[in-house]
Amino acid sequence: MVTNNTTELVQISHNEACMSPRPSFFSHLHPPTLPAREARFRHTFGLGGIALFVFLVLCLTGALELFYYEPSLTGANASLQTLTFLVPLGGLVRGLHYWAAQLLVATVGLHLLRVMLTGAYKLPRRFNWLLGLGLLVGVLLLDFTGYALRWDTHISWALLVGTNLLKTIPVVGPVLYGMVVGGPELGASSLIRLYAWHIFGLAVPVFIVIAWHLFRVRRDGGIAHPSATAGEPAPARLTRAELVQREGLAALVVSAGLVLLAAAAPPALGPAADFAALPVRPTAPWFFIWVQELLRLGEPVVWGVLVPAGILAVLALWPYIVDRRPDGAGQWFSRHGRATQWLALGLAAILVGLTLRGALR
Amino acid sequence: MKLRLALPAAAVVLALVLGWVAWRTVTAPRPVALTPSLTGQTEYCLTCHQGIEQISAAHPTSVFGCVRCHGGEPLALDKTLAHSTLRGGANPSDLAVVQQNCGGAACHSGTAADQNDHIARVMTSVQATYAGAIANVYYAFGAQPDLATRFGIFAVAGVDPAGQPHALAALPPAIQPVLQKFQINCLTCHLSAPAKNSAGFRRLTGCAGCHSLSNAAGTYTGTDPTLARNQPGQTQAQTHTLTTAIPYNQCNACHNRGNYDLRTMTFNVRTDQPTDRLHDYYQPIAQCTKCEVELDCVDCHTADEAMGDGTLHPNEASIQYVECRTCHGTLTQPPQTKTITDPNDIALRRAALNTTVPLKLGDTIVVTSKGEPLWSVQRLPDGSYRQVSKVTGATYTIPQVLGSKCLQKPDEQASSYCHACHAVQR
């Protein structure tokens with residue numbers, strides 16, 4: 001009977017659980033409690049959360065910009081001038097979109113660095129590591145297409161070089177070029193393509209992958225942390241309310257910073273692009289200056305395509321081929337992840353060095 | 001900081017930042033829209049330039065706006081962006097950009113028959129090419145074998161006074177040191193050269209060099225709030241206006257400022273400091289008659305003389321042809337005249353641009369030997385000749401040689417012969 005009763009109790013409890021509403025996505029991301037050490041600011045610097053908030057800001061401000069932006073040769077730059085100077089608070093919205101985009105690239109880059117330096121990509125988070133790398137590429141392409149949609153004299157070199165790089169890719173290059181440029185050379189159809197890529201080809205997929213990435217964080221056992229050792233007292237836990245409050249604080253601080261930047265340092269805007277009269281000095285957006293510097297070294301397909309793609313491939317395969325053991329996951333500068341740490345800091349140093357060299361040139 | 005303190009503190013910071021943005025938005029100047037009827041494209045230049053003078057009655061702001069002539073970004077309210085695509089900076093009439101800004105069949109590059117070919121005429125005029133001065137100096141220093149004009153300030157093609165095709169090449173940088181000095185020190189008065197930055201020399205380039213007046217100090221005295229007043233500028237007009245009422249001192253920004261010394265290849269600025277018009281008008285060595293002192297240069301020198309007639313003349317003497325007899329006649333001939341019967345007569349068009357001179361259909365005006373109208377000189381019904389100053393509107397009765405005691409010989413009509421008796425004491 002006892003056995004039967006126990007079985008019954010378990011069944012009742014299971015049935016109640018099934019009949020109760022499924023936890024929302026919010027609840028999934030915010031469990032009733034979580035170990036406080038996972039949520040320590042110095043453990044993650046809140047970079048993933050800040051990136052998510054900034055992405056939501058981008059969605060909101062981008063949606064507002066949709067009401068004014070015209071993806072046409074005569075309308076693109078003029079509609080941005082209208083938005084910036086003539087629409088009430090339009091300049092602020094555009095400034096928020098611009099600065100949020102720059103902050104997103106920066107936080108995503110630092111987030112990647114943090115993940116590498118804390119060994120957070122290791123088993124069982126290898127798949128989420130791949131999703132994260134995909135998001136990095138998506139964010140960079142989003143920022144580049146957004147930059148190109150300005151369609152002013154400042155972007156003309158970068159767009160020309162960027163799209164011509166596509167052409168150099170063996171086999172698929174011409175097809176990719178056609179998909180982005182929409183014709184034999186940059187023109188009216190390119191604006192439509194870039195516009196569609198920016199919103200439907202990039203922002204929507206990135207939105208979906210972000211949700212997946214976040215889902216996987218909890219599904220993989222929360223933010224990477226050292227496994228508990230036997231005999232250690234149970235770690236302190238943080239409640240859902242405290243977690244939400246911390247997120248709110250980060251959102252408030254980031255919001256204040258973004259509004260301040262948008263108002264005090266409005267994004268640049270030049271006259272309409274003219275690809276027949278390019279500016280004397282080629283310029284790339286800040287996050288691709290390192291590619292511009294690489295291109296100075298030789299063959300465009302090698303330095304502009306294969307080298308960046310190679311870096312990405314190495315990063316993607318790293319936890320599958322080089323660093324397959326879970327030791328040291330969730331620890332800053334663990335002795336088990338020295339090779340990864342050298343790789344991360346080495347790559348960061350090269351990218352920052354190339355960027356500084358290009359910026360000071 | 002504890003979370004319960006940090007949250008409200010961050011909220012206050014955000015509220016303060018939003019408040020600052022709201023204050024900036026509320027206190028920012030309201031955009032001022034203008035939709036010129038010619039372009040139909042709304043522009044916002046007047047947001048900053050509200051109060052600027054209308055450039056001329058022939059170019060009403062409501063019709064032309066700003067961008068049609070100046071270029072620039074019509075929607076931008078940021079100074080750098082708004083001005084980034086200006087053509088010719090503040091001066092759209094600079095000869096490097098005048099065709100783009102002021103040209104067009106309906107504007108200033110029409111046909112010679114319609115007298116709307118202003119740009120083509122100016123581009124071939126000696127004021128723009130400086131071809132004669134270059135040819136003379138290059139010949140004098142052995143750089144070319146004759147006085148034929150070969151070079152201009154810019155390359156231009158046309159016909160010479162004999163009607164033969166003629167082209168000037170752009171003047172290349174000189175190799176001989178003396179010609180290098182000539183190019184640096186002496187090529188300063190053509191219409192593409194910026195003025196010397198000193199009192200009395202200030203003027204703009206291109207059409208505005210003559211038609212936009214500069215004062216001696218080179219200051220702006222108009223009502224555009226963005227232009228600094230009382231700050232001398234090298235190439236700055238007194239106001240944002242074009243005029244055909246051009247006083248002599250505008251011409252004197254280039255003419256009568258001094259002399260070139262070909263030995264040292266320098267320009268010696270005249271050292272006298274005249275305080276009256278008699279002495280200011282011409283250099284001390286020059287002779288002049290009363291009318292040459294009292295009238296302004298444009299009262300006698302015609303549009304063809306000043307702006308060119310579409311021919312590549314080799315020098316100033318070749319294009320100047322108005323003589324004393326054009327208005328005063330000779331012992332045997334009164335001045336040539338014509339009665340205006342065509343409502344589209346060029347004389348009426350020019351008079352309409354210069355409201356100081358009343359002229360109407362049916363009036364009889366003096367014409368030059370080439371048939372150019374001297375539309376400010378009329379023969380009145382009583383047979384007398386009246387000149388109205390294009391600049392001041394003052395009227396003068398023109399003494400006639402016919403029937404006078406003048407001792408002139410029929411073949412001595414150059415001004416030097418008239419100066420022999422009629423030069424004023426200086």
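Residues numbered from 1 in each chain as written. Chains lettered and ligands numbered in written order. Predicted model: local features only at pLDDT ≥ 70, side-chain atom pairs only at ≥ 80, totals over all residues. Heavy atoms only, no water.

Enquirer: Could you clarify how one ought to interpret the overall build of chain B in this entry?
Expert: In terms of helices and strands, chain B carries 20 helices and ten strands. Taking the principal axes of its C-alpha atoms as reference, chain B extends roughly 110 × 60 × 45 Å. A total of 426 residues make up chain B; the buried ones form 40% of that total. A fraction of 54% describes how many contacts in chain B between residues 6 or more apart in sequence connect residues 24 or more apart. Accessible surface computed for chain B: about 21800 Å², of which carbon and sulfur atoms make up 59%. (Helix = DSSP H or I, 4+ residues; strand = E, 2+ residues; numbered from the N terminus. Buried < 20%, exposed > 50% of the residue type's maximum accessible area, 1.4 Å probe, protein only. Contact = heavy atoms within 4.5 Å. Areas by Shrake-Rupley, 256 points an atom, 1.4 Å probe, with all protein chains shown as cover.)

Enquirer: Before we go on, may I ask you to explain the nonpolar core in this structure?
Expert: Side chains that are nonpolar tend, in soluble globular proteins, to be buried together. One finds L104, W129, W151, L159 and L315 of chain A to be the most contacted residues of the largest nonpolar core, which totals 88 residues. Residue contacts for L315 of chain A: discarding those within four places in its chain leaves L112, M116, W129, L133, L343 and L347 of chain A. In terms of nonpolar packing, the next biggest core, distinct from the first, is built from 14 residues, V98, A131, L168 and L312 of chain B among them. (Core = buried A, V, L, I, M, F, W, Y, C linked by side-chain atoms within 4.5 Å.)

Enquirer: What should I look at first to understand the sheet that holds strand 9 (residues 385-388) of chain B in this one?
Expert: By definition, the strands of a sheet pair up through backbone hydrogen bonds, in either a parallel or an antiparallel sense. Residues and elements named next belong to chain B. As summarised here, the arrangement of the five strands in space is 6-7-8-9-10, forming an open sheet in which the pairing is antiparallel. This sheet does not close on itself; its edge strands, each paired only once, are strand 6 (337-339) and strand 10 (395-397). Strand-to-strand twist across the sheet, computed as the mean angle between neighbouring axes with direction ignored, equals 40 degrees. Alignment of strand 9 against strand 10, held across three bridges, turns out to be antiparallel. What sits directly across from R386, in strand 10, is T397. (Pairing = 2+ DSSP bridges. Axes fitted to C-alpha atoms, helices over the stretch in contact; angles between N-to-C directions.)

Enquirer: I keep staring at the environment of S415 of chain B and nothing clicks. Help me out?
Expert: Position of S415 of chain B among the secondary structure elements: in helix 20 (residues 415-422). For the pair formed by S415 of chain B and R325 of chain B, sequence separation is 90 residues and the distance between their alpha carbons is 9.2 Å.

Enquirer: Which parts of the structure should I look at to understand the interface of chain B and chain A?
Expert: On the side of chain A, 24 residues touch chain B, which itself brings 23 residues to the contact. Summed over both sides, the interface between chain B and chain A buries roughly 1900 Å², with carbon and sulfur atoms accounting for 82% of that surface. Of all residues in chain B, L3, L75 and L81 of chain B give up the largest surface area on contact with chain A, accounting jointly for 28% of the area buried on that side. Inspection of the region where chain B meets chain A yields zero salt bridges. (Buried area = accessible area lost by both parts, 1.4 Å probe. Salt bridge = Lys/Arg side-chain N within 4 Å of Asp/Glu carboxyl O.)

Enquirer: Explain the packing of helix 7 (residues 126-149) of chain A against helix 13 (residues 300-322) of chain A here, please?
Expert: If you want to describe how two helices pack, look at the angle between their axes and the distance between the axes. Residues and elements named next belong to chain A. Taken N-terminus to C-terminus, the directions of helix 7 and helix 13 make an angle of 170 degrees; their axes are 9 Å apart at the nearest point. Judged on the interaxial angle alone, helix 13 and helix 7 are roughly antiparallel. Taking contact as the criterion, the partners of R126, F127, W129, L130, L133 and V137 in helix 7 are, on helix 13, L312, L315, A316, P319 and Y320. For the contact of helix 7 with helix 13, the class distribution of residues is ten nonpolar, no polar and one charged. (Parallel < 35°, antiparallel > 145°, perpendicular 65-115°, else oblique. Nonpolar A, V, L, I, M, F, W, Y, C, P; charged D, E, K, R; others polar.)

Enquirer: Before we go on, may I ask you to explain the pattern of salt bridges in this structure?
Expert: All names here are of chain A. Inspection of every chain in the model, using the stated rule, returns 20 salt bridges over all chains. For R218, the salt bridge goes to E38, with nearest N and O atoms at 3.9 Å. Remark: E38 occurs in the loop between strand 1 (33-35) and helix 3 (41-44) and R218 occurs in helix 10 (residues 188-219); sequence separation between them is 180 residues. For the salt bridge of D327 with R325, the shortest nitrogen-to-oxygen distance reads 2.4 Å. By relative accessible area, R325 is classed as exposed at 57%.

Enquirer: What exactly am I supposed to notice about the side chain of H313 of chain B here?
Expert: All names here are of chain B. You can see H313 is positioned in the loop between helix 16 (303-307) and helix 17 (316-319). A polar contact is formed between the side chain of H313 and the side chain of D309, at a distance of 3.1 Å. Among residues more than four places away in sequence, those in contact with H313 are T124, V126, P161, S318 and I319. (Polar contact = N/O pair within 3.5 Å; in protein donor to acceptor, adjacent residues only side chain to side chain.)

Enquirer: I keep staring at the confidence of the model for chain A and nothing clicks. Help me out?
Expert: Regions with low pLDDT carry predicted coordinates that are not meant to be interpreted in detail. Averaged over all residues, the pLDDT of chain A equals 91, while 93% of them reach at least 70. Per-residue pLDDT stays below 50 along residues 1-10 of chain A; that stretch engages in zero contacts with residues further than four places along the chain or on separate chains. (pLDDT = per-residue confidence, 0-100.)

Enquirer: Can you help me understand the packing of aromatic side chains in this one?
Expert: A ring pair, where both rings are aromatic, is described by two values, the distance of the centres and the angle of the planes. Counting across every chain of the model gives 17 aromatic pairs over all chains. Ring centres of F41 of chain A and F45 of chain A lie 5.7 Å apart, and the angle between their planes is 85 degrees; this geometry places the pair in the edge-to-face category. Classification of F41 of chain A as exposed rests on a relative accessible area of 55%. Between Y260 of chain B and F267 of chain B, the aromatic rings sit 4.8 Å apart at their centres with planes inclined by 55 degrees, giving tilted as the arrangement. Ring pairing ties together the aromatic residues F144, Y147, W286, F287 and F288 of chain A, which thus form one cluster. If you follow K196 of chain B out to its NZ or CZ, it ends over the ring of F201 of chain B, 5.8 Å from the centre. Positioned above the aromatic ring of F201 of chain B, the side-chain terminus of R257 of chain B is 5.2 Å from the ring centre. (Phe/Tyr/Trp six-rings, centres within 6.5 Å; stacked < 30°, edge-to-face > 60°. Lys NZ or Arg CZ within 6 Å of the ring centre and 35° of its normal.)

Enquirer: Explanation requested: helix 7 of chain A in the structure shown.
Expert: Structurally, the α-helix is built with 3.6 residues per turn, so residues lying three or four positions apart point the same way. All names here are of chain A. Taking 1.5 Å per residue, 24 residues should reach 34 Å; helix 7 reaches 35 Å between its end C-alpha atoms and fits that length. The buried fraction of helix 7 is high, at 18 of 24 residues. Directly beyond the C-terminal end of helix 7, a positive phi value near 50 degrees is found at W151. (Expected span 1.5 Å × (residues − 1).)

Enquirer: Just to check I follow, could you spell out the side chain of R203 of chain B for this structure?
Expert: Residue and element names in this part refer to chain B. You can see R203 is positioned in the loop between helix 10 (177-186) and helix 11 (208-211). A polar side-chain atom of R203 sits 3.1 Å from the main-chain carbonyl oxygen of T188. Among the polar contacts made by the side chain of R203, one reaches the main-chain carbonyl oxygen of A193 at a distance of 2.9 Å.

Enquirer: I would appreciate a short explanation of empty space enclosed by the protein in the present structure.
Expert: All names here are of chain B. Applying the stated criterion across every chain yields a total of one cavity of 30 Å³ or more. Approximately 40 Å³ is the volume attributed to the largest cavity. In terms of lining, the largest cavity is formed by T188, C189, A195, K196, F201, R203, A253 and C254. Here the residues of the lining of the largest cavity sort into five nonpolar, one polar and two charged. (1 Å grid on protein atoms, 1.4 Å probe; cavity = no way out; pocket = protein on both sides within 12 Å on 5 of 7 lines; lining within 4 Å. Points joined across faces, edges and corners; volume = space filled by probe spheres on them.)

Enquirer: Is there a simple way to think about the sheet that holds strand 1 (residues 151-152) of chain B in this case?
Expert: Residues and elements named next belong to chain B. Reading across from one edge, 1-3-2 is the order of the three strands in this open sheet, with mixed pairing throughout. In this open sheet, the two edge strands, each paired with only one partner strand, are strand 1 and strand 2 (156-159). Sheet topology places strand 1 next to strand 3 (residues 165-170); two bridges connect them, and they run parallel. Note that in strand 3 the partner of G152 across the bridge is A170.

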